[in-house]
Amino acid sequence: MIETATKPAVTVETASLDSIATPALILDVARVDRNIARLRGRLSDLGVQFRPHVKTGKSVDVARRFFPEGSGPITVSTLAEADYFASHGFNDITYAVGLAPEKIGRASALVAQGVDLTVLIDSVEQAGALADAAGRGVAMPAVLIEVDCDGHRGGLLPDDPALILIADMLRDGGVALRGVLTHAGESYACRDGAGLPEAAEAERAAAVGAAQALRAKGHPCPVVSVGSTPTAHFARNLDGVTEVRAGVFVFFDLVMHGIGVCATDDIALSVLATVIGHRPQKGWILTDAGWMALSRDRGTQAHPVDQGYGLVCDVDGVPFGDVIVGDASQEHGILTIRPGSTAALPELALGQRVRVFPNHACATGAQHETYQIVETGSRAIVAHWPRMRGW
Ligand SMILES: Cc1ncc(COP(=O)(O)O)c(C=O)c1O
């Protein structure tokens, strides 16, 4: 029986993939543990701390697979996650989304309750708002300045003069600068592993360059934080980096498979669906898992292998091959043969069950309230793990 961190522990003696209501979110815990061990081993060899991003699982039970006990370190993407994980004993938390000034009060409340919280900024306006709050005697989180390593989203270029200006404002306002953070989001544009070592090196160089610029002006910069699942798995050298963040690697998905980071049998998350109809003249098999269960994420659309709304497997999680969810409406999935393939649709009777690997595990997980936990190769549901949601 799998241990459940949430109390009361909910365990199920008889439920199985053949009997639970569908659609349902299935998590193969042995694959989760294997994915964690793989990245932990890499980062340990590279000599950096691991700060997993718990936004993928949004579950204390998943986070406890990283940290069977103890308080982190973890990365979160919302203050609701910070509240939730703090209430479960995690107190070393980096909130890695740019801080809205109106959220300073909530961040401060977490600090006041003993959480070692770090927030992320990339503007003088945010630095000013934090300095103002510190001036009012509010309990302050530590700060990382976001650095742009690849033009993906927010952050300052490592040589932007605003980097030093922000650090000066924080120091003068009595707010602790902890360091710099970057996220190589453009690594998701790589395919089949090509370009990933280079993306990892660009991520490292940008973060270390910004840290050096700050230190040259007398600012402390103890934390140099980088990370995305693709770069974390392909970095060859992390000199100057102190910690790596990664999130989706814990479950993996078809986008990561298309980028070349994992095999399909590393994918721990799937959606269990039931066949509800056939349209042989159209080459369709209908299921009860539409985009409400799978999400509307079409992250493999621009990949050489477009997986539609997901790759279809038998109930034991073995892919049929070229069968994908070719289209989806709210509560219908339409199973089809991948365009260009000469394969035939499998014989799937009404009521038969299939599993669907998701394009993007974070998005698919977010459609559900509970994980149904299985072990690889077994149909028994050994636990239910709740997920948190909200902002
Ligand atoms: C700031 C930040 N760090 C780390 C991650 C983790 O990236 P991945 O899910 O590729 O591991 C994300 C994901 O969006 C992020 O926004």
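Residues numbered from 1 in each chain as written. Predicted model: local features only at pLDDT ≥ 70, side-chain atom pairs only at ≥ 80, totals over all residues. Heavy atoms only, no water.

A. Main features of the domain arrangement of the chain. You can read the domains of the chain as domain 1 (53-246) and domain 2 (264-386). Between domain 1 and domain 2, the C-alpha centre-to-centre distance is 35 Å. Taken together, the ten residues of domain 1 in the interface contact seven residues of domain 2. Of the roughly 750 Å² buried where domain 1 meets domain 2, counting both sides, 58% is carbon and sulfur surface. The largest contributions to the domain 1 side of the interface with domain 2 come from Thr 56, Asp 61 and Arg 191, which together make up 57% of the buried area. Summed over the shared surface of domain 1 and domain 2, the result is zero salt bridges. The interface formed by domain 1 and domain 2 contains two residue pairs in polar contact (both at pLDDT 80 or more). Sort the elements by how many residues they give to the side of domain 1 that touches domain 2 and helix H2 (residues 60-66) lands first, with three residues. When its residues are assigned to classes, the side of domain 1 that touches domain 2 shows two nonpolar, three polar and five charged. (Domains from an automatic or database assignment. Contact = heavy atoms within 4.5 Å. Buried area = accessible area lost by both parts, 1.4 Å probe. Salt bridge = Lys/Arg side-chain N within 4 Å of Asp/Glu carboxyl O. Polar contact = N/O pair within 3.5 Å; in protein donor to acceptor, adjacent residues only side chain to side chain. Helix = DSSP H or I, 4+ residues; strand = E, 2+ residues; numbered from the N terminus. Nonpolar A, V, L, I, M, F, W, Y, C, P; charged D, E, K, R; others polar.)

B. Looking closely at the site of the ligand. Of all residues adjacent to the ligand, which total 14 residues, the nearest are Arg 153, Tyr 188, Thr 229, Arg 245 and Gly 247. Tyr 188 places a side-chain nitrogen or oxygen 2.6 Å from an oxygen atom of the ligand. For the ligand, an oxygen atom lies 3.1 Å from a polar atom in the backbone of Val 248. Here the ligand has 390 Å² of accessible area as a free molecule, and 93% of this is covered by the chains. Taken together, the residues of the shell around the ligand break down into five nonpolar, six polar and three charged. (Near = heavy atom within 4 Å. Areas by Shrake-Rupley, 256 points an atom, 1.4 Å probe, with all protein chains shown as cover.)

C. Highlighting the nonpolar core. In this structure, Leu 27, Leu 117, Leu 130, Leu 170, Phe 249, Phe 251 and Tyr 371 are the most contacted members of the largest nonpolar core, which totals 116 residues. Top element by residues in this core is helix H7 (residues 196-216). It accounts for eight residues. Mapping this core onto the domain boundaries places at least three of its residues in each of domain 1 (53-246) and domain 2 (264-386). Those residues in contact with Tyr 371, other than ones at most four positions away along the chain, are Leu 25, Leu 27, Thr 56, Gly 57, Ser 59, Val 62, Phe 251, Leu 269, Ala 383, His 384, Trp 385 and Arg 387. Counting nine residues, the second-largest nonpolar core is a separate cluster that includes Leu 17, Ile 20, Ile 26 and Ile 381. (Core = buried A, V, L, I, M, F, W, Y, C linked by side-chain atoms within 4.5 Å. Buried < 20%, exposed > 50% of the residue type's maximum accessible area, 1.4 Å probe, protein only.)

D. View of the pattern of salt bridges. Under the defined criterion, the tally for this structure stands at 16 salt bridges. Between Asp 83 and Arg 106 there is a salt bridge whose closest N-O contact spans 3.5 Å. Residue Asp 83 is found in helix H3 (residues 79-87), and its partner Arg 106 is found in helix H4 (residues 104-112); the two are separated by 23 residues along the sequence. Residue Asp 83 is classed as partly exposed on the basis of its relative accessible area, which comes to 33%. Residue class for Arg 106 comes out partly exposed when judged on its relative accessible area of 34%. As a salt-bridge pair, Asp 168 and Arg 171 come within 3.4 Å of each other at their nearest N and O atoms. You can see Asp 168 and its partner Arg 171 sitting in helix H6 (residues 161-173), three residues apart, about one turn around the helix. Through salt bridges with shared partners, a single network forms among Asp 18, Asp 316 and Arg 379.

E. Spotlight on the sheet that holds strand S2 (residues 49-50). Overall, parallel pairing links the eight strands, which are arranged S2-S9-S8-S7-S6-S5-S4-S3 in an open sheet. What marks the edges here is a single partner per strand, and that holds for S2 and strand S3 (74-76). Bridge count between S3 and strand S4 (residues 92-98): three bridges; the pairing is parallel. Within S4, the position partnered with Val 76 by the bridge is Tyr 95. Each of S3 and S4 is contacted by H3, which is oriented at about 140 degrees to S3, the strand it contacts most. (Pairing = 2+ DSSP bridges. Axes fitted to C-alpha atoms, helices over the stretch in contact; angles between N-to-C directions.)

F. Geometry of the pairing of S4. The handedness of the S3 to S4 crossover, carried by H3, is right-handed. Across four bridges, the pairing between S4 and strand S5 (residues 116-121) is parallel. Residue pairing for S5: Asp 92 is matched across the bridge by Asp 116. For the crossover from S4 across H4 to S5, the handedness is right-handed. (Right-handed = clockwise from strand over helix to strand, strands pointing away.)

G. Fine view of the packing of H3 against H4. Contact geometry of H3 with H4 gives a least axis separation of 11 Å together with a crossing angle of 15 degrees. With respect to each other, H3 and H4 are oriented roughly parallel. The handedness of the crossing between H3 and H4 comes out as left-handed. Each of Leu 79, Ala 80, Ala 82, Asp 83 and Ala 86 in H3 lies in contact with H4, whose residues at this interface are Arg 106, Ala 107 and Leu 110. (Parallel < 35°, antiparallel > 145°, perpendicular 65-115°, else oblique. Left-handed = near helix turned anticlockwise from the far one by under 90°.)

H. Examining the environment of Thr 78 more closely. Position of Thr 78 relative to the elements: it lies in the loop between S3 and H3. Considered as a pair, Thr 78 and Tyr 95 are 17 residues apart in the sequence and their alpha carbons are 6.7 Å apart. Excluding anything up to four places from it in sequence, Thr 78 contacts Lys 58, Tyr 95, Gly 390 and Trp 391.

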